[in-house]
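# A look at the structure
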2 protein chains.
Amino acid sequence: MREEGAAPLTPPPGESPIVVLVRPQLAENIGTTARAMANGGLFHLRIVAPRDGWPQQRAWAASSGADRILDAATLHPDVDHAIADCHRVLATCPRPRHVITPVLTARAAAETLREATSRDLRCAILFGPERAGLEAEDLARADSLVRYAVNPEFASLNLAQAVLIMAYEWWQAADATPPRQLQTHRTQVASKGDLENFMGHLIAELDACGFLRNDAKRPGMLRNLRHWFGRGEVTEQELRTLHGVVAELSRGRMRRGRPDPEGGQ
Amino acid sequence: MREEGAAPLTPPPGESPIVVLVRPQLAENIGTTARAMANGGLFHLRIVAPRDGWPQQRAWAASSGADRILDAATLHPDVDHAIADCHRVLATCPRPRHVITPVLTARAAAETLREATSRDLRCAILFGPERAGLEAEDLARADSLVRYAVNPEFASLNLAQAVLIMAYEWWQAADATPPRQLQTHRTQVASKGDLENFMGHLIAELDACGFLRNDAKRPGMLRNLRHWFGRGEVTEQELRTLHGVVAELSRGRMRRGRPDPEGGQ
């Protein structure tokens, strides 16, 4: 924690946006905010006129390890001081106010912030105090408002959850995770040749046991089986297991054809 | 709260997905989960083997008014019972496990759930206990895993926050809020004609005061002014204020030209 007036802690232009907590009430909420920031890759925290003063040990206790964000947080007497070095300021505002300002969804805000930071602008996002939210004077400092698209009949989020949604969208706006992937660890998705090899094994055993004896129905039954086995991306490991299942079922059938020495099943 | 075995509380097919909390520990977290569900329009809660039993009054106290979700929640002895009537089951899994299952981001999962519910499939999302998360046996019941795209160096979310992200993405997947809009309340964005009318007023006064007297620079200066006033979407109300500003500044200048009867500014 650094007092303003000491070495200024100004993130370089183009860094991740600064979270500005305006008049927060509970130190625990400052801590859980730091955790939510870390989840979404936001690291710069400024605190304006916290009700109970700053620093507060309870914030560190509630941060689940996001200590460095709290350690580097700066304290400011008012919003103007907190945003003086910023080029772009957004303000979260869950309720409609009588202000004339562009209003963005959280997702659009995240895109705006990514675009602005890519142009080396220093950005900040204002979050108001628990319950009351930002005042009209705070909102007039913002270039745009952010209003989350959530269930309008149940739109209230606590402070850390509001920060989490914004941090999450910030991360999504640059995330390169494939939206869908198959987790296979030490095995690979089987090739079509591997799959066809298994189908040959299966069909041979089904022919041997008589399951496919109805020549009229045989092509349709085989198509059904092909459709089923082709629907998922079967892995090489799963194919080995399936080969084993077919082999063992066949052997069991052959064994059952002989007198069973154990007399049981 | 209804005991299983009483009238079954099965949402109609195609309803919003069911949130299944598997072996949750703290009743408070069940309450904050209900709140997060309401934020994103999820209303069906099933609770599997909660550590401290169910119902727990502390859940209602923590739900910030999402009582109806808790009132309607059902209790189940294990995951199989909780998902028996479901057609599609996703499981949240923050850490890589040795399972071979499709893995979706939260956003892709939400799209999948919207697509499945639109086909009248009953869907569920499993959330594991605090800290430990879901076990391999739980994950094997799921069609797909959901792994949130968050900061990999700080990926841990508490239970309610994990539910919030999924509920938020569920809502986004069908939300029709324009990503960007100008909030104007009782006024309207000014037309280009209104703006041109103001520009004429401004230029006339600037000519009168001599600000534009350099004929070589005049066209460039006017272009600068036009660019500035045209950049934002100025409202009719703002234009009226700007007309007043120009008029009053001009009158002030003229007054200063005369002897000031008050002797002050």
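Residues numbered from 1 in each chain as written. Chains lettered and ligands numbered in written order. Predicted model: local features only at pLDDT ≥ 70, side-chain atom pairs only at ≥ 80, totals over all residues. Heavy atoms only, no water.

## Observations concerning the packing of aromatic side chains
All names here are of chain A. One pass over the full model with this rule turns up 6 aromatic pairs over all chains. Here Trp 54 and Trp 60 contribute two aromatic rings whose centre-to-centre distance is 5.3 Å and whose plane-to-plane angle is 25°, an arrangement assigned as stacked. By relative accessible area, which is 9% here, Trp 54 ends up buried. Members of the aromatic cluster, connected to one another through ring pairs, are Phe 198, Trp 228 and Phe 229. (Phe/Tyr/Trp six-rings, centres within 6.5 Å; stacked < 30°, edge-to-face > 60°. Buried < 20%, exposed > 50% of the residue type's maximum accessible area, 1.4 Å probe, protein only.)

## Thoughts on the interface of chain B and chain A
In this complex, chain B contributes 58 residues to the contact, which on the side of chain A involves 59 residues. Surface buried jointly by chain B and chain A totals about 4700 Å² across both partners, of which 53% is contributed by carbon and sulfur atoms. Counting every contact that joins chain B to chain A gives 4 salt bridges. Its salt-bridge partner being Glu 111 of chain A, residue Arg 180 of chain B comes within 4.0 Å of it at the nearest N-O pair. Between chain B and chain A we count 23 residue pairs in polar contact (both at pLDDT 80 or more) in total. (Contact = heavy atoms within 4.5 Å. Buried area = accessible area lost by both parts, 1.4 Å probe. Salt bridge = Lys/Arg side-chain N within 4 Å of Asp/Glu carboxyl O. Polar contact = N/O pair within 3.5 Å; in protein donor to acceptor, adjacent residues only side chain to side chain.)

## Observations concerning the relation of the copies chain B and chain A
For the match of chain B to chain A, the screw axis carries a shift of 0.1 Å, the RMSD comes to 0.1 Å, and the turn is 180°. Both chain copies can therefore be described as sitting about a two-fold axis. The fraction of interface residues of chain B whose copies in chain A are also interface residues reaches 100%, indicating that both copies meet through the same surface. (Least-squares fit on C-alpha atoms with pLDDT ≥ 70 in both.)

## Examining the side chain of Thr 112 of chain A
Relative to the elements of secondary structure, Thr 112 of chain A occurs in helix H5 (residues 106-118). Residue classification places Thr 112 of chain A among the buried residues on the basis of a relative accessible area of 12%. Excluding residues that lie within four positions of it along the chain, Thr 112 of chain A makes contacts with Arg 88 and Leu 104 of chain A together with Arg 180 of chain B. (Helix = DSSP H or I, 4+ residues; strand = E, 2+ residues; numbered from the N terminus.)

## A look at the domain arrangement of chain A
Per the domain assignment, the segments making up chain A are domain 1 (18-172) and domain 2 (192-257). Here the C-alpha centre of domain 2 of chain A lies 58 Å away from the C-alpha centre of domain 1 of chain A. (Domains from an automatic or database assignment.)

## Quick notes on the packing of helix H1 (residues 27-39) of chain A against helix H7 (residues 159-172) of chain A
Residue and element names in this part refer to chain A. Following both chains from N to C, one finds H1 and H7 inclined at 15°, their axes separated by 8 Å at the closest point. One finds that H1 runs roughly parallel with respect to H7. Here the hand of the crossing between H1 and H7 comes out right-handed. Note on element contacts: H7 touches H1 through Leu 159, Ala 160, Val 163, Leu 164 and Ala 167, opposite Asn 29, Thr 32, Thr 33, Ala 36, Met 37 and Asn 39. (Axes fitted to C-alpha atoms, helices over the stretch in contact; angles between N-to-C directions. Parallel < 35°, antiparallel > 145°, perpendicular 65-115°, else oblique. Left-handed = near helix turned anticlockwise from the far one by under 90°.)

## Examining the pattern of salt bridges
Residues and elements named next belong to chain B. Taken as a whole and judged by the stated rule, the model has 28 salt bridges over all chains. The salt bridge partner of Glu 115 is Arg 119, with a shortest N-O separation of 2.8 Å. Residue Arg 119 is classed as partly exposed on the basis of its relative accessible area, which comes to 48%. Residue Arg 251 is joined to Glu 248 by a salt bridge in which the shortest nitrogen-to-oxygen separation is 2.7 Å.

## A word on helix H5 (residues 106-118) of chain B
Taking 1.5 Å of rise per residue, 13 residues should cover 18 Å, and H5 of chain B covers 18 Å from first to last C-alpha, within 8% of that figure. Asp 120 of chain B, located one to two residues past H5 of chain B, shows a positive phi value of around 65°. (Expected span 1.5 Å × (residues − 1).)

## Structural notes on the pairing of strand S7 (residues 123-127) of chain A
Residue and element names in this part refer to chain A. Within S7, 5 of the 5 residues are buried, leaving the element largely enclosed by the surrounding structure. Residues Cys 123, Ile 125 and Phe 127 line one face of S7 and the alternating positions Ala 124 and Leu 126 line the opposite face, and both faces are buried. Across 4 bridges, strand S2 (residues 18-22) lies against S7 in parallel orientation. The partner of Val 19 across the bridge, within S7, is Ile 125. Judged from the 4 bridges that link them, strand S5 (residues 88-92) and S7 form a sheet pairing that is parallel. Within the sheet, the bridge partner assigned to Leu 90 lies in S7 and is Ile 125. (Pairing = 2+ DSSP bridges.)

## Thoughts on the layout of surface pockets
Residues and elements named next belong to chain B. Here the second largest pocket defines a volume of roughly 990 Å³. Pro 94, Ala 155, Ser 156, Leu 157 and Asn 158 are the residues nearest the centre of the second largest pocket, which is lined by 40 residues in total. Among the residues forming the lining of the second largest pocket, the class breakdown is 22 nonpolar, 12 polar and 6 charged. (1 Å grid on protein atoms, 1.4 Å probe; cavity = no way out; pocket = protein on both sides within 12 Å on 5 of 7 lines; lining within 4 Å. Points joined across faces, edges and corners; volume = space filled by probe spheres on them. Nonpolar A, V, L, I, M, F, W, Y, C, P; charged D, E, K, R; others polar.)

## Quick notes on the side chain of Ser 16 of chain B
All names here are of chain B. Note on placement: Ser 16 falls in the loop between strand S1 (2-3) and strand S2 (18-22). Here Ser 16 falls in the buried class, since its relative accessible area comes to 10%. Those residues in contact with Ser 16 that lie beyond four places of it in its chain are Gly 41, Leu 42, Phe 43, His 44 and Trp 170.

## Structural notes on the environment of Ser 63 of chain B
Relative to the helices and strands, Ser 63 of chain B resides in the loop between helix H2 (57-61) and helix H3 (67-71). We classify Ser 63 of chain B as buried; its relative accessible area is 0%. The spatial distance from the C-alpha of Ser 63 of chain B to the C-alpha of Asn 29 of chain B is 8.7 Å, given a sequence separation of 34 residues. Not counting residues up to four positions away in its chain, the partners in contact with Ser 63 of chain B are Phe 154 of chain A together with Gly 31, Ala 34, Arg 35 and Leu 70 of chain B. A polar contact is formed between the side chain of Ser 63 of chain B and the backbone oxygen of Trp 60 of chain B, at a distance of 3.0 Å.

## Regarding the state of the cysteines
Residues and elements named next belong to chain A. On inspection of all chains with the given rule, the structure shows 0 disulfides over all chains. A disulfide-free cysteine, Cys 93 has its sulfur positioned 19 Å from the sulfur of Cys 86, the nearest such atom. For Cys 93, a relative accessible area of 3% translates into the label buried. (Disulfide = S-S within 2.5 Å.)

## Quick word on unusual backbone geometry
Residue and element names in this part refer to chain A. Residues Trp 54 and Pro 55 are joined by a peptide bond in cis, for which omega reads 0°. Relative to the assigned elements, Pro 55 resides in the loop between strand S3 (44-48) and helix H2 (57-61). In this structure, Arg 131 is a non-glycine residue whose phi angle is positive, near 65°. Of note, Arg 131 is situated in the loop between S7 and helix H6 (136-139). Its relative accessible area of 80% is what places Arg 131 among the exposed residues.

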